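If you want the building blocks of each chain, they are given just below.
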Amino acid sequence: MISSNNSVSLQSAALPVGRVITAGPSPAGQGPSRHSPLRHSPAGQGRARRGPRGDGLHWLRLAVWAVLVLLVLLPLGVIVFRGVQPSNAGVLTDPDVLAAAWNSISSAAGSAALATAFGALLAVVLDRTDLPGRTVLRWIFLLPFLIPPFIGAMSWMALLAPAGTVNKALMALTGSSDPVLDIYGGGGVVFLLAVHSYPLAYLVISAALRRVPGSLEEAARISGAGGVRTFCQVTLPLVRPAVVAAFVLTLVANLSDFGIPALIGLPERYTTLTTLVYRYLASGTVTNPLPAVAAIGVVLLVLGLAAVLLQRRLPTGSELGGSGAAALPLQLGNWRPAVTALLWFTAAVVCILPLLALTEQALLPAPGVPLTWENLTLANITRAVTSGGALTGIANSVLLALGAALACGILGLGVGALLTRTRHRSNAALDVTAMLPQALPGLVLAVAWLLIAPALGIFNTPWVILGAYVMAFLALVVQSVRAPLESVPVSLDEAARISGAGPLRTLGDVALRLSVPAAVSGAVVVALTAVRELTISILLVAPGSQTLGVVIFNLQQAGDYNSASALALLVTIVGVAGLSATAALGARRTARTRFRKGN
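J.: Please clarify how the environment of P543 should be interpreted in this entry.
T.: Along the chain, P543 turns up in the loop between α25 (535-540) and α26 (548-557). When its relative accessible area of 80% is taken as the criterion, P543 is described as exposed. Taking the C-alpha atoms as reference, P543 lies 7.5 Å from N460; in sequence the two are 83 residues apart.

Structural data, given as structure tokens:
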């Protein structure tokens, strides 16, 4: 997860998935949007004369703030209050906590560096060269972003575990009696975190590359600079802020991951803060785990906020206007066949081979059984989807995902409308409050709800998971509706106001109605993300409320690898298909909007 960025959203890259952090002040945070009816219309001036309580916008703002206080500010306030108690000082100096903190920071930083480097390389090769087949390669390289990290870890375990496909082949080739490769331990955690976070880095850097004005590169070419020199001296300096932003984003996302460290690190006693908290809560090794968990949550909260504040102080890249002629692609020349072959080989190894290994494990009756036509069976898939635990997990995940999607869709539409279509001194605070959970590790959000659930009377119920989901994924809808709301012409608002509509009705009949499709797309993304979530639900799960991700994780931990792989394979297929379809529809809607504007 990703906890839950130069205002880069995945929908702009035709892949509205995952957790993306908004860095830097938004237009709404700085002041009123240029489309705001209250700024341009005489009716807006009349509103100022009537006072803040003269129209329904005041009550809409109060309602939105009331929900955000309950869902965001109260949980975070409780975790800070409980975590900074003097009695928790001993927890932070405990050797296990210090070792886990070092492992978390080092693995997150190392994997973020690898992911950023690889994502930047992909962005250059796929978006700025004449490489053939770039569209297909781009989709293949984004596959790890569409797959939950813990399922990705299961795929690589099927491939590189001591009894995995690759190790068996290498042992046969080398004659070794011991496994040649080992995915478990700190190195495997860093590698898999990088594999599942490089698509985020690629999307951020790719979006920045597309915004570089082609006129600057043309000027350098006219002055006599070659293609490579122009790219190194003109293009790269302009996208440097995006590279740093990509590193910070992947660092925060990897800091909060649970599935990969749990499946890959714990077998070799490689503990991170997320797995340490899970051990405290699940194993009973600590008599009263909540104070210790709160203290660890505050540490993660501080680390996440430090990363976000660092990103906000970086240059925003506003000099990238994105206007002018498109940049000329770099010519690979004689290197074109070699680069093409290398990229296809990398895509096959990193993105396709692990999924094939997961499929193999799902279709075989037991681990270690040879892969032959006679041994292939659908029994694992049938058993996985018909068992009582799986059916309960599927039902709970679907209900929670739909509930989170509905709540985030309605609340996100209200937040987006207030930020983009009105001016108010609380807009900056509203923006930060709505977007902040996306910048925080999922573990912090889970611990926060774990602390406030007893006071709200929802402890050990699905409601606590639903509240955490809404808190975690609200920013996805806010980001989805921002651009459509800002693009609604102010003349429509003025026409509604002249016709006698009040500010609230104008907002509902014009801006909100036109942005509903974007809100629905965002809600779909929330549903598809929540239905596969693990980090939050693994800490908040109660008897009878286990989710699909928890069921798969428990099957894997219990040693039923084939059933876990079968269920994970189904989740992967549904998730990739759903998110790809949503991205395609979003891209088609964006293309139609641009076509209408161009005409």
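On we go from here.
J.: What should I look at first to understand the packing of helix α18 (residues 379-386) against helix α19 (residues 388-421) in this one?
T.: Angle between the axes and distance between the axes are the two parameters that describe a pair of packed helices. Relative to each other, α18 and α19 sit at 60°, their axes nearing to 5 Å. One element, α18, and the other, α19, form an angle in the oblique class. Facing α18, whose interface residues are A384, V385 and T386, α19 presents G388, A390 and L391. Looking at the contact of α18 with α19 residue by residue, the class counts come to four nonpolar, two polar and no charged.

J.: Explain helix α7 (residues 134-141) to me, please; I cannot follow it from the model alone.
T.: Two residues of an α-helix separated by three or four positions point the same way, owing to the 3.6 residues in each turn. Within α7, the full set of buried residues consists of L137, I140 and F141. The buried residues of α7 all sit within an arc of 95° when viewed along its axis, so they share a single face.

J.: Where do I start with unusual backbone geometry in this structure?
T.: Peptide bonds are, in most cases, trans, and in most cases residues other than glycine have a negative phi. Notably, R269 is not glycine yet its phi reads approximately 60°, a positive angle. By secondary structure assignment, the location of R269 is in the loop between α14 (259-265) and α15 (273-283). One non-glycine residue, N460, lies in the positive phi region at around 60°. Tracing the sequence through the fold places N460 in the loop between α21 (442-456) and α22 (462-487). A relative accessible area of 43% places N460 in the partly exposed class.

J.: When you look at a nonpolar patch on the surface in this model, what are you seeing that I'm missing?
T.: A grouping of L70, L74 and L456 is seen on the molecular surface, where their side chains present a nonpolar patch of about 220 Å² in accessible area. As for its position among the elements, L70 is in helix α4 (residues 56-83).

J.: Even after reading the chapter, I still don't get the environment of S256, so can you show me in this structure?
T.: Along the chain, S256 turns up in the loop between α13 (227-255) and α14. Placed 18 residues apart in sequence, S256 and T274 show a C-alpha to C-alpha distance of 6.7 Å. For S256, the side chain forms a polar contact with the main-chain oxygen of A253, separated by 3.0 Å.

J.: Teacher, can you tell me more about the layout of surface pockets here?
T.: Rolled over the atoms, a probe sized like a water molecule indicates the empty space that remains. In this structure, the second largest pocket occupies an estimated 420 Å³ of space. Taken together, 24 residues make up the lining of the second largest pocket; nearest its centre are M157, A158, A161, Q361 and Y561. Every element with two or more residues in the lining of the second largest pocket is listed here: α9 (149-160), α10 (165-174), α14, α17 (336-363), α26 and α27 (561-598). Tallied by class, the residues present in the lining of the second largest pocket amount to 15 nonpolar, seven polar and two charged.

J.: How should I be thinking about the nonpolar core in this particular structure?
T.: Looking at soluble globular proteins, one finds that nonpolar side chains tend to be buried together. One finds F141, I264, V415, W449, L540 and I552 to be the most contacted residues of the largest nonpolar core, which totals 164 residues. If one sorts the elements of this core by residue count, α22 sits on top with 16 residues. Residues contacting I264, with those up to four places away along its chain left out, are A153, M157, I183, Y184, G185, G188, V189 and L192.

J.: Which parts of the structure should I look at to understand the pattern of salt bridges?
T.: Oppositely charged side chains can form a pair if their charged atoms are brought close together. All chains considered together, the criterion is met by three salt bridges. With its nearest N and O atoms 3.8 Å apart, the salt bridge here joins D96 to R279. Placement of D96 in helix α6 (residues 95-128) and of R279 in helix α15 is noted, with a sequence separation of 183 residues between them. Taking the shortest distance from any N to any O, the salt bridge between D431 and R482 comes out at 2.8 Å. Here D431, found in helix α20 (residues 427-435), pairs with R482, found in helix α22; they are 51 residues apart in sequence, far enough to count as distant. One exposure class covers both D431 and R482, and it is buried.

Reading the values: the criteria
- Residues numbered from 1 in each chain as written.
- Predicted model: local features only at pLDDT ≥ 70, side-chain atom pairs only at ≥ 80, totals over all residues.
- Heavy atoms only, no water.
- Helix = DSSP H or I, 4+ residues; strand = E, 2+ residues; numbered from the N terminus.
- Buried < 20%, exposed > 50% of the residue type's maximum accessible area, 1.4 Å probe, protein only.
- Axes fitted to C-alpha atoms, helices over the stretch in contact; angles between N-to-C directions.
- Parallel < 35°, antiparallel > 145°, perpendicular 65-115°, else oblique.
- Contact = heavy atoms within 4.5 Å.
- Nonpolar A, V, L, I, M, F, W, Y, C, P; charged D, E, K, R; others polar.
- Arc of directions from axis to C-beta.
- Patch = residues over 30% accessible without salt bridge, like charges linked within 9 Å, V, L, I, M, F, W, Y side chains within 5 Å.
- Areas by Shrake-Rupley, 256 points an atom, 1.4 Å probe, with all protein chains shown as cover.
- Salt bridge = Lys/Arg side-chain N within 4 Å of Asp/Glu carboxyl O.
- Polar contact = N/O pair within 3.5 Å; in protein donor to acceptor, adjacent residues only side chain to side chain.
- 1 Å grid on protein atoms, 1.4 Å probe; cavity = no way out; pocket = protein on both sides within 12 Å on 5 of 7 lines; lining within 4 Å.
- Points joined across faces, edges and corners; volume = space filled by probe spheres on them.
- Core = buried A, V, L, I, M, F, W, Y, C linked by side-chain atoms within 4.5 Å.

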